[in-house]
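# Per-entry structural report
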Amino acid sequence: MPMDIRVGDILELKKTHPCGCKEWKALRVGMDFKLRCLGCGHEVMIPRAKAEKSVKKVRREEASQ
């Protein structure tokens with residue numbers, strides 16, 4: 001069963017990015033995830049299966065309406 005990850009969630013991954021940051025923002029969710037590093041702004045597209053394996057924690061940003 002797939003994880004409940006939504007656009008706008010902050011994902012803490014197991015490994016650090018070369019810039020030293022572990023937190024990524026989900027920009028696109030589907031068969032592939034588009035993630036943006038919160039440290040340097042680098043964007044990557046990775047397959048859902050690989051992304052779900054590397055997620056350590058999901059922090060949801062509550063929508064303020």
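Above this note sits the structure.
Residues numbered from 1 in each chain as written. Predicted model: local features only at pLDDT ≥ 70, side-chain atom pairs only at ≥ 80, totals over all residues. Heavy atoms only, no water.

Listed in full, the 12 residues of the largest apolar core are Ile-5, Leu-11, Leu-13, Cys-21, Trp-24, Ala-26, Phe-33, Leu-35, Cys-37, Ile-46, Ala-51 and Val-55. Where this core is concerned, the elements lending two or more residues are strand S1 (10-13), strand S2 (23-28) and strand S3 (32-37). It is S3 that contributes the most residues to this core, three residues altogether. Sequence-distant contacts of Leu-35, defined by excluding residues within four places in its chain, comprise Leu-11, Trp-24, Lys-25, Ala-26, His-42, Glu-43, Val-44 and Ile-46. (Core = buried A, V, L, I, M, F, W, Y, C linked by side-chain atoms within 4.5 Å. Buried < 20%, exposed > 50% of the residue type's maximum accessible area, 1.4 Å probe, protein only. Helix = DSSP H or I, 4+ residues; strand = E, 2+ residues; numbered from the N terminus. Contact = heavy atoms within 4.5 Å.)

Time to look at the pattern of salt bridges. Taken as a whole and judged by the stated rule, the model has nine salt bridges. The salt bridge partner of Glu-43 is Arg-36, with a shortest N-O separation of 2.7 Å. Given the relative accessible area of 34%, Glu-43 is considered partly exposed. The exposure class assigned to Arg-36 is partly exposed, which follows from its relative accessible area of 32%. Connected via shared salt-bridge partners are Asp-4, Arg-6, Asp-9 and Arg-60. (Salt bridge = Lys/Arg side-chain N within 4 Å of Asp/Glu carboxyl O.)

The volume enclosed by the largest pocket comes to roughly 180 Å³. Contributing to the lining of the largest pocket are Leu-13, His-17, Trp-24, Leu-35, Val-44, Ile-46, Lys-50, Lys-53 and Ser-54. Listing elements by their share of the lining of the largest pocket, those giving two or more residues are strand S4 (43-47) and helix H1 (48-54). Partitioning the lining of the largest pocket into residue classes produces five nonpolar, two polar and two charged. (1 Å grid on protein atoms, 1.4 Å probe; cavity = no way out; pocket = protein on both sides within 12 Å on 5 of 7 lines; lining within 4 Å. Points joined across faces, edges and corners; volume = space filled by probe spheres on them. Nonpolar A, V, L, I, M, F, W, Y, C, P; charged D, E, K, R; others polar.)

Shape is all these values report; function is a separate question.
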